[in-house]
Amino acid sequence: MWAAPITLTRASGRLNARSVPLGVQLALDDALLGHQQGSAALRLRALLRPSDTPLVDLAGQVSLADLGLIREFLPVYRLKPKPLAWLQEAFPSGSAEARLQLTGPLKGFPYREGQGLFEAEANVQGARFVFAPGWQPLEELSAQVRFSGPSLSVSGAQGRIGSTEVREGESWISDFRT
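Overview of the structure. Just so it is clear, the structure is predicted and the values come from calculations on it, not from any experiment.

Conventions we followed
- Residues numbered from 1 in each chain as written.
- Predicted model: local features only at pLDDT ≥ 70, side-chain atom pairs only at ≥ 80, totals over all residues.
- Heavy atoms only, no water.
- Core = buried A, V, L, I, M, F, W, Y, C linked by side-chain atoms within 4.5 Å.
- Buried < 20%, exposed > 50% of the residue type's maximum accessible area, 1.4 Å probe, protein only.
- Helix = DSSP H or I, 4+ residues; strand = E, 2+ residues; numbered from the N terminus.
- Contact = heavy atoms within 4.5 Å.
- Salt bridge = Lys/Arg side-chain N within 4 Å of Asp/Glu carboxyl O.
- Polar contact = N/O pair within 3.5 Å; in protein donor to acceptor, adjacent residues only side chain to side chain.

Core analysis: the largest hydrophobic core is formed by 33 residues, its most contacted members being Leu67, Leu102, Phe118, Val124, Leu141 and Phe147. Within the residue set of this core, elements represented by two or more residues are strand S3 (38-48), strand S4 (55-64), helix H2 (81-90), strand S5 (93-105), strand S6 (117-129), strand S7 (138-148) and strand S8 (151-161). Residue contributions to this core peak at 6 residues, all from S6. Each residue touching Phe147, except ones within four places of it in the same chain, is listed here: Leu87, Phe118, Glu119, Ala120, Leu152 and Phe176.

In structure tokens form, the structure reads like this:
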């Protein structure tokens, strides 16, 4: 599911599981996860169906002190090699406070056909953003980053590229598939 095992320093919450006619229903409330460089507060509802993809409703808030760790948390099984490689290298440093919502069948992620909802918004601070190998990176980036389904947008970006200051920069990728 992920590129490498994720080691938590703290985990707590209330998990209820029960058998229902369609499979197993899970409810995780007040989940608090701690990592060496971050934390998360989550709520999860899931229906595990034996003959179909799981249905999930996940909402949470995440704090990352080191954006370089984002590569550890990417769903490698759901991303194609090129977008995965780009995401793994795009933010080697910085910090972020984020919220996320994922609702729908896992098989449909990131929901290009509208069969679910994937939204993630992050307030990024002090980041280094690498557009592409060989390009000069955007340093000391502060911005709002938003994933909506298969798209990515960045707004209010401030930082510098070499000696050039960037103010109120914007960018977007309509679909990571392309």
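All right, on to the pattern of salt bridges then. Throughout the structure, instances matching the rule amount to 12 salt bridges. Put simply, Arg167 and Glu165 hold a salt bridge, and the shortest N to O gap is 2.9 Å. A single burial state applies to Arg167 and to Glu165, both of which are exposed. Several salt bridges share partner residues, and in doing so they unite Arg14, Asp29, Asp30 and Arg45 into one network.

Tracing the backbone shows Ala4 in the segment before strand S1 (10-20). Through-space distance from the C-alpha of Ala4 to that of Asn123 is 25 Å; in sequence the pair is 119 residues apart.

Right, let's talk about the side chain of Gln101 for a bit. Along the chain, Gln101 turns up in strand S5. Polar side-chain contacts of Gln101 include one of 3.4 Å to the backbone oxygen of Leu58. Not counting residues up to four positions away in its chain, the partners in contact with Gln101 are Asp57, Leu58, Ala59, Leu117, Phe118 and Glu119.

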